[in-house]
Amino acid sequence: MDSALVVGGTRFIGRHLVSDLVENGYDVTIFNRGNHENPFEGDESVRRIEGDRKDDGALRRAKAAAEPDAVFDCVAYQPKDVVSATEIFADVDAYVYISSGAAYGAEEIPKREGVTELCPCSDDQLTDDSSESYGPRKAEGDRVVFDAATRGVNAMSVRPTIVYGPYDYTERLDYWLNRVENYDRVVVPGDGTNIWHRAYVEDVASAMRVVAEEGEAGEAYNVGDRRVLTLEETVRTIADAMGTDVEVVHAGERELAAAGLSPDDFVLYREYPHVLDTNKLAALGWDSTPIEEAMARTVEEHRRSDRDGSEHDPGRDAEESVLSILDTL
Ligand SMILES: NC(=O)c1ccc[n+]([C@@H]2O[C@H](COP(=O)([O-])OP(=O)(O)OC[C@H]3O[C@@H](n4cnc5c(N)ncnc54)[C@H](OP(=O)(O)O)[C@@H]3O)[C@@H](O)[C@H]2O)c1
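Residues numbered from 1 in each chain as written. Predicted model: local features only at pLDDT ≥ 70, side-chain atom pairs only at ≥ 80, totals over all residues.

An unreviewed UniProt entry lists the protein chain under the name NAD-dependent epimerase/dehydratase family protein, with Halopelagius longus as the source organism. The record in UniProt for the protein chain states the following under Sequence similarities (unreviewed entry): "Belongs to the NAD(P)-dependent epimerase/dehydratase family." (UniProt positions renumbered as here; feature names shortened; annotations may be inferred.)

Chemist: Which residues make up unusual backbone geometry, and what values go with them?
Modeler: At the junction of Ile109 and Pro110, the peptide bond is cis and its omega measures out at -10° in the coordinates. Relative to the assigned elements, Pro110 resides in the loop between β5 (94-98) and α4 (123-126). Unusually for a residue other than glycine, Glu171 sits at a positive phi of about 60°. With respect to the helices and strands, the residue Glu171 is situated in the loop between β7 (162-164) and α6 (172-182). Phi at Leu268 is positive, roughly 70°, even though this residue is not glycine. Mapped onto the fold, Leu268 is located in the loop between α9 (253-258) and α10 (279-282). You can call Leu268 partly exposed: it has 18 C-beta atoms within 10 Å. (Helix = DSSP H or I, 4+ residues; strand = E, 2+ residues; numbered from the N terminus. Buried ≥ 20, exposed ≤ 12 C-beta atoms within 10 Å, placed from the backbone.)

Chemist: Explain the confidence of the model for the protein chain to me, using residue names and the numbers behind them.
Modeler: Summarising the model, the protein chain shows a mean pLDDT of 97, and 100% of its residues fall at 70 or more. Within the protein chain, the lowest mean pLDDT, 88, falls on helix α12 (residues 316-328), and the highest, 99, falls on strand β10 (residues 220-223). (pLDDT = per-residue confidence, 0-100.)

Chemist: Now, about the UniProt feature "domain: NAD-dependent epimerase/dehydratase" (unreviewed entry) in the protein chain: what can you tell me, with residues and values included?
Modeler: Following the UniProt record, the feature "domain: NAD-dependent epimerase/dehydratase" (unreviewed entry) maps to residues 4-84 and 91-224 here. Along residues 91-224 the backbone is 34% helical and 19% strand, and the end-to-end C-alpha distance reaches 29 Å.

Chemist: Describe the site of the ligand, naming the residues involved and giving the relevant values.
Modeler: If you check the shell around the ligand, you find 25 residues, and the closest are Gly8, Arg11, Phe12, Gly14 and Arg33. At the level of elements, α1 (13-23) and β7 are the ones that each hand at least two residues to the shell around the ligand. Among the elements that line the shell around the ligand, the one with the most residues is α1, at 3 residues. Residue composition of the shell around the ligand, by class: 9 nonpolar, 10 polar and 6 charged. (Near = placed C-beta within 6 Å. Nonpolar A, V, L, I, M, F, W, Y, C, P; charged D, E, K, R; others polar.)

Chemist: How would you sum up the sheet that holds β5? Please name residues and give values.
Modeler: Strand order in this open sheet of 7 strands is β3-β2-β1-β4-β5-β6-β10, and the pairing throughout is parallel. A strand with exactly one partner marks an edge of an open sheet, and here the two such strands are β3 (46-50) and β10. With direction set aside, neighbouring strand axes in the sheet form an average angle of 20°. By the bridge criterion, 4 bridges tie strand β6 (residues 155-160) to β10 in an arrangement that is parallel. Directly across from Val158, in β10, lies its bridge partner Tyr221. (Pairing = 2+ DSSP bridges. Axes fitted to C-alpha atoms, helices over the stretch in contact; angles between N-to-C directions.)

Chemist: If you had to explain the environment of Glu253 to someone new, which residues and values would you point to?
Modeler: As for its position among the elements, Glu253 is in helix α9. Given 12 C-beta atoms within 10 Å, Glu253 falls into the exposed group. Glu253 sits 11 residues away from Asp264 along the chain, and the two C-alpha atoms are 9.8 Å apart.

Chemist: Tell me about the pairing of strand β8 (residues 185-189), and name the residues and values.
Modeler: Along a regular strand, successive side chains alternate from one face of the sheet to the other. Of all the 5 residues making up β8, 4 are buried; the element is thus mostly covered by neighbouring parts of the structure. Pairing of β8 with strand β11 (residues 247-251), which is carried by 5 bridges, proceeds in the parallel orientation. Bridging across to β11, Val188 finds its partner in His250.

Chemist: Any chance you could break down the domain arrangement of the protein chain for me, citing the residues and the numbers?
Modeler: With domains assigned, the protein chain is organised as domain 1 (3-164 + 197-223) and domain 2 (172-196 + 229-274 + 290-328). A C-alpha centroid distance of 31 Å is found between domain 1 and domain 2. Across the boundary between the two partners, domain 1 contributes 9 residues, which contact 9 residues of domain 2. Residue assignment for the side of domain 1 that touches domain 2 shows that the elements contributing at least two residues are β7 and β9 (198-200). The residue inventory of the side of domain 1 that touches domain 2, partitioned by class, reads 4 nonpolar, 3 polar and 2 charged. (Domains from an automatic or database assignment. Contact = placed C-beta atoms within 7 Å.)

Chemist: How would you sum up the packing of helix α8 (residues 231-242) against helix α11 (residues 291-304)? Please name residues and give values.
Modeler: Between α8 and α11, whose axes approach to 9 Å, the crossing angle comes to 65°. For the element pair α8 / α11, the angle class is roughly perpendicular. Helix-helix and strand crossings are classified by hand; for α8 and α11 the assignment is right-handed. On the side of α8, the interface is formed by Thr237, Ile238, Asp240, Ala241 and Met242, while α11 contributes Ile291, Glu292, Met295, Ala296 and Val299. Within the contact of α8 with α11, the residues separate by chemical class into 7 nonpolar, 1 polar and 2 charged. (Parallel < 35°, antiparallel > 145°, perpendicular 65-115°, else oblique. Left-handed = near helix turned anticlockwise from the far one by under 90°.)

Encoded structure:
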């Protein structure tokens, strides 16, 4: 495969994917509406076609212009997007749809492709765009991929868990990066052992390429860091990457409640562990970046950015009250 069309490509996962594809010798075309700045502007190895992926005619024209061997779909949020794409790109060598770990509909550890149940998707949810129906819509997209493969389409799906790394506009990890950077004492809900598996963005990018090159049609592949960190380990890994030291302060439900907080007010806290089995992807020859290296690159870019994760902030004043309550115990 020599040429790739990336639907999206300018913000986070797609942006890293474009860089990964260029580094691996692909001729890359990105397709997007032009609402976000193009980081590849002026880069001759990345061509851009303007259009809306909701417009099948525009997707067809992009296909005719780019003549892609592989298509990477970063912007399929509704199952009908995957229906259109698997029809339009039915004859390419590989169509890779970004699904999500949120597609899993059962809580078990770890969540495994083909074993753990996927979310059902009701008729109302099919066309919805709320965050509540995100998992069901992603799961339905996976079913569209599986169905297309039965008709001979080389369609595959990747399911990343929560993604972090440079240019992460969701700012979820930025909240913790900001806390460690600016405070000596960091409140961690619970006993610090809760787990929400994450995936380093460069590894999600390489996973998409590896799946296109080595994956099997009709299959889904989980993506996540090979080493899974607890929330406390995350804070300590950030501190190491920043060359600093923090005191991790555990706060149980009762102490948090006294300050009007609950564990769920803390981003990346999840009571039941969310862990994706990544062995199927690793069997294709993929591996993840060592966690310390991934965090060092994340910290370096975070420091250059103006992201602070404040949209996820439960309120430092409330946290200070928790700290004083704990100090008096
Ligand atoms: N972040 C996570 O933790 C996570 C986890 C699992 C799965 N995912 C999945 O990853 C994907 C998102 O990746 P990303 O945002 O990082 O990718 P990205 O490809 O870097 O950025 C999104 C791109 O899509 C373009 N776009 C948006 N709407 C469009 C439309 N209607 N037509 C054409 N282009 C459009 C945007 O540019 P314009 O606005 O200029 O068009 C932008 O280039 C989603 O499918 C999401 O479900 C994310």
